[in-house]
Amino acid sequence: MSSNDPFARLPEAAFFTVVSATVTDGSPWSIEQHSGLSGVPGGKDISPQLSWSGAPDGTRSYAVTVYDPDAPTGSGFWHWAVADIPATVTELPEGAGDDTGSGLPEGAFQLPNDARAARFIGAAPPAGHGPHRYFTVVHALDVDTTDVPADATPAALGFTMAGHILGRAVLTATAETPA
């Protein structure tokens, strides 16, 4: 695992709190958050339950992203991106990131991840590559909508959001596949 900080070059933002009934900050994902689609035995690609509080005043919407900066790609790996979550919503149920986005609030939508699927895809670090970090981030935004198209990449969402982020709540999980 490298020490690269995915937030180091982003604009500073206020911190607020995100917690999960699925995973504790700093702990490994359960097998449910590993990728069966990528061939991890027992993996189920189930998005984590998330609850957040303390967002900055002026928050008009949220976005949620899950990113692995330790993936051996040179650019990390985006596992999930959800845009346009209304400011009145402060929780996503476990499994909200299924193929249909069944647990997402009205108006919110999933962008294609780096596997090009508009859903949550779980952890699948290469065998023997060491531990990977999975940054689950709730971004508090000062706009009602990001105006990104549904087929945009998570990187395009990040670029579009950059000037609108009021706050950032971060929960980091880990995963490792033994050699």
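Below, the structure is looked at part by part. (Residues numbered from 1 in each chain as written. Predicted model: local features only at pLDDT ≥ 70, side-chain atom pairs only at ≥ 80, totals over all residues. Heavy atoms only, no water.)

**Some points on the overall build of the chain**
Step number 1: Assigned secondary structure in the chain consists of one helix and nine strands.
Step number 2: Element order for the chain, N to C, with α for helix and β for strand: β-β-β-β-β-β-β-β-α-β.
Step number 3: The C-alpha radius of gyration computed for the chain amounts to 15 Å, which stays within 12% of the reference 16 Å derived for 179 residues, consistent with globular compactness.
Step number 4: Taking the principal axes of its C-alpha atoms as reference, the chain extends roughly 45 × 35 × 30 Å. (Helix = DSSP H or I, 4+ residues; strand = E, 2+ residues; numbered from the N terminus. Rg over C-alpha atoms; globule rule 2.2 N^0.38 Å.)

**A short note on the nonpolar core**
Step number 1: W29, W52, V64, W80, I85, L92 and V138 are the most contacted members of the largest nonpolar core, which totals 26 residues.
Step number 2: With residues up to four places along the chain from it excluded, the contact list for V64 reads L50, W52, W80, A81, V82, I85, L92, V137, V138 and H139. (Core = buried A, V, L, I, M, F, W, Y, C linked by side-chain atoms within 4.5 Å. Buried < 20%, exposed > 50% of the residue type's maximum accessible area, 1.4 Å probe, protein only. Contact = heavy atoms within 4.5 Å.)

**Quick look at the sheet that holds strand β6 (residues 91-92)**
Step number 1: Pairing in this open sheet of three strands is antiparallel, and the strands run β2-β3-β6 from one edge to the other. Of all the strands in the sheet, just β2 (17-19) and β6 have a single pairing partner and so form its edges.
Step number 2: Pairing between strand β3 (residues 50-53) and β6: two bridges, direction antiparallel. Considered in β6, the bridge of S51 is made with E91. (Pairing = 2+ DSSP bridges.)

**Things to note about the sheet that holds strand β1 (residues 14-15)**
Step number 1: With mixed pairing, the six strands of this open sheet are ordered in space as β1-β9-β8-β4-β5-β7. Strands at the two margins of the open sheet, each flanked by one partner only, are β1 and β7 (109-110).
Step number 2: Direction of pairing for strand β4 (residues 61-68) relative to strand β5 (residues 77-86): antiparallel, over a ladder of seven bridges. Across the sheet, residue T65 finds its bridge partner in β5, namely A81.

**Re unusual backbone geometry**
Step number 1: Phi angles above zero are rare outside glycine, and D45 is one such case at about 55°.
Step number 2: Given the relative accessible area of 5%, D45 is considered buried.
Step number 3: A positive phi angle, close to 65°, is found at D84, a residue other than glycine.
Step number 4: Along the chain, D84 turns up in strand β5.
Step number 5: Note on D84: relative accessible area 10%, which makes it buried.

**Remarks on the side chain of D84**
Step number 1: Buried within the structure, D84 lacks any salt-bridge partner; R60 is the closest side chain of opposite charge, at an N-O distance of 11 Å.
Step number 2: A distance of 2.8 Å separates the side chain of D84 from the side chain of T145, its partner in a polar contact.
Step number 3: A distance of 2.8 Å separates a polar side-chain atom of D84 from the backbone nitrogen of T146. (Lys, Arg positive; Asp, Glu negative; His and termini not counted. Salt bridge = Lys/Arg side-chain N within 4 Å of Asp/Glu carboxyl O. Polar contact = N/O pair within 3.5 Å; in protein donor to acceptor, adjacent residues only side chain to side chain.)

**Focus on the packing of aromatic side chains**
What describes a pair of aromatic rings is the distance from one ring centre to the other and the angle between the planes of the rings.
Step number 1: The full count for this structure, using the stated rule, is seven aromatic pairs.
Step number 2: Geometrically, the ring pair formed by F16 and Y62 is tilted, given 6.3 Å between the ring centres and 45° between the ring planes. With F16 in the loop between β1 and β2 and Y62 in strand β4, the pair connects residues that are 46 residues apart, well separated along the chain.
Step number 3: For Y62, a relative accessible area of 4% translates into the label buried. (Phe/Tyr/Trp six-rings, centres within 6.5 Å; stacked < 30°, edge-to-face > 60°.)

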